[in-house]
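So you can see what is in the structure, the chains are spelled out below.
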Amino acid sequence: MVTLHLDAVHDPAASVMKAALLLRNGLLVAIPTETVYGLAACISNEGALANVFAAKRRPVDNPLIVHIANRADVYLIAHVDALSEHLIDAFWPGALTLVLAKKKGVSELVTAGLDTVAVRMPSLGITRDIIAAAGEPLAAPSANISGRPSATTAQHVIDDFGGSIAAVVDAGACEQGIESTVIRVVDGRVMLLRPGGITRQQIESVIGSELLSPEAQDARTSPGTRHRHYAPHAAVVLCDTEDMLRSEAVPGTIVLSKDPPPIEIPWRRLDATTLFAELRRADDLQVNKILVHCTHAVRIDEALMNRLRMAAEPFRESDVGK
Ligand code: TXA
Ligand code: MG
């Protein structure tokens, strides 16, 4: 199959129409969002949903996020408690995904057999236009092969899936570059399952209490955290100090840093919006080692640190094929 490149920068209307037609016909289309590109399928099409897992080589126990065009559509698929409603009021459309009690009829493929479903309403207009034109919510995990850095440009999507999906809607580089925050309300408390575009502080200021930390919960409540993520081929080493940078730097190393690094070495700017693009670029250049200069400004960015820590995790035998 040749993957169709739909140019939404120059012709958004035609791109939306063609993408929706392909989706309605049960094919997979990569779509832009304000966070990262998603690999979309219609939620009512079991064959298409199965193909999402196959194309991504995603473990079937890792559920998908459902994307909706209008706020009211959340009630088609989920029961919404009062605190979740309050968070929806504050943050939708936007980079907040809520794990909610699912309604009957939501495919087990979407939920990985759980009794909950993750839902978000993206803020990027073209994403909502595509969902509306497809005529039903779209299940869309990040559009990368499982374990690889997420895709923040259409070229990243083609690099991972060229030929194996029907189309990619190209709206340029994603504005935020890091995935949505995933939360779940349990017994009146909000659990942070994955830090992301909406910060802990933003949520806490809306609910007036502290979020439960990711460390505090059982891995079963956050299936995605069991699997290896965001890993480039190069080794990623997090360096807190200048001494560590110096001792880790060998030929074939680059540094990611917010500011020019304190040692003489090739470097690239570290920022949440371009992190995944930089990890992919390092692989294209066959860099051996990526040193990340973890200054205070980096350490206080919870979502960025979460992705960096996961990218730096050592490879385990059990990760093969995930
Ligand atoms: O920004 C985003 O969230 C992007 C764009 C495309 O919307 N999507 C994304 O999807 O990052 P994905 O599949 O890469 O990550 C979804 C996360 C996974 O960690 C998954 O385990 C979790 O959401 N998740 C999905 N359904 C869940 C559920 N029912 N309970 C708990 N966690 C769930
Ligand atoms: Mg992902």
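Next up on the list: the overall build of the protein chain. Of the regular secondary structure elements, the protein chain holds 12 helices and 15 strands. Computed over the C-alpha atoms, the radius of gyration of the protein chain is 19 Å, within 12% of the 20 Å expected from 2.2 N^0.38 for a compact globule of 322 residues. Dimensions of the protein chain, computed from the C-alpha atoms along their principal axes, are close to 55 × 50 × 40 Å. Looking at the protein chain as a whole, 52% of its 322 residues are labelled buried. By element, 53% of the accessible surface of the protein chain is carried by carbon and sulfur atoms, the whole surface being about 14,000 Å². Mean positive and mean negative side-chain charge positions of the protein chain (31 and 38 charges, respectively) differ by 3 Å.

This part takes up the domain arrangement of the protein chain. The domain architecture assigned to the protein chain consists of domain 1 (4-219) and domain 2 (235-319). Between domain 1 and domain 2, roughly 1,300 Å² of surface is buried when both sides are summed, and carbon and sulfur atoms account for 51% of that area. Of all residues in domain 1, the largest losses of buried area upon contact with domain 2 belong to P149, I178 and P195, amounting jointly to 40% of the total for that side. Close ionic contact of R307 with E179 constitutes a salt bridge, the shortest N to O distance being 2.9 Å. Elements that contribute at least two residues to the side of domain 1 that touches domain 2 include exactly α7 (154-161) and β11 (189-194). The greatest single-element share of the side of domain 1 that touches domain 2, amounting to 3 residues, is contributed by α7.

With that settled, consider the site of ligand 1. Taken together, the neighbourhood of ligand 1 is formed by 26 residues, with T35, N62, H67, S142 and S180 sitting nearest. Note that an oxygen atom of ligand 1 is positioned 2.7 Å from one of the side-chain N or O atoms of T35. At a separation of 2.6 Å, an oxygen atom of ligand 1 approaches a polar side-chain atom of H67. For ligand 1, the accessible surface in isolation is 690 Å², of which the surrounding protein chains cover 97%. Of all the elements in the fold, those that place two or more residues in the shell around ligand 1 are β4 (65-67), β7 (116-120) and β11. Ranked by residue count, the leading element in the shell around ligand 1 is β7, at 4 residues.

Scanning the model with the defined rule gives 13 salt bridges in all. The residue R280 makes a salt bridge to D160 at a minimum N-O spacing of 2.9 Å. Here R280 is found in helix α10 (residues 275-284), whereas its partner D160 is found in helix α7, with 120 residues between them in sequence. For R280, a relative accessible area of 4% corresponds to the buried category. As a salt-bridge pair, R246 and E242 come within 2.4 Å of each other at their nearest N and O atoms. You can see R246 and its partner E242 sitting in helix α9 (residues 242-248), 4 residues apart, about one turn around the helix.

Thresholds, definitions, all that
- Residues numbered from 1 in each chain as written.
- Chains lettered and ligands numbered in written order.
- Predicted model: local features only at pLDDT ≥ 70, side-chain atom pairs only at ≥ 80, totals over all residues.
- Heavy atoms only, no water.
- Helix = DSSP H or I, 4+ residues; strand = E, 2+ residues; numbered from the N terminus.
- Rg over C-alpha atoms; globule rule 2.2 N^0.38 Å.
- Buried < 20%, exposed > 50% of the residue type's maximum accessible area, 1.4 Å probe, protein only.
- Areas by Shrake-Rupley, 256 points an atom, 1.4 Å probe, with all protein chains shown as cover.
- Lys, Arg positive; Asp, Glu negative; His and termini not counted.
- Charge placed at Lys NZ, Arg CZ, Asp CG, Glu CD.
- Domains from an automatic or database assignment.
- Buried area = accessible area lost by both parts, 1.4 Å probe.
- Salt bridge = Lys/Arg side-chain N within 4 Å of Asp/Glu carboxyl O.
- Near = heavy atom within 4 Å.
- Polar contact = N/O pair within 3.5 Å; in protein donor to acceptor, adjacent residues only side chain to side chain.

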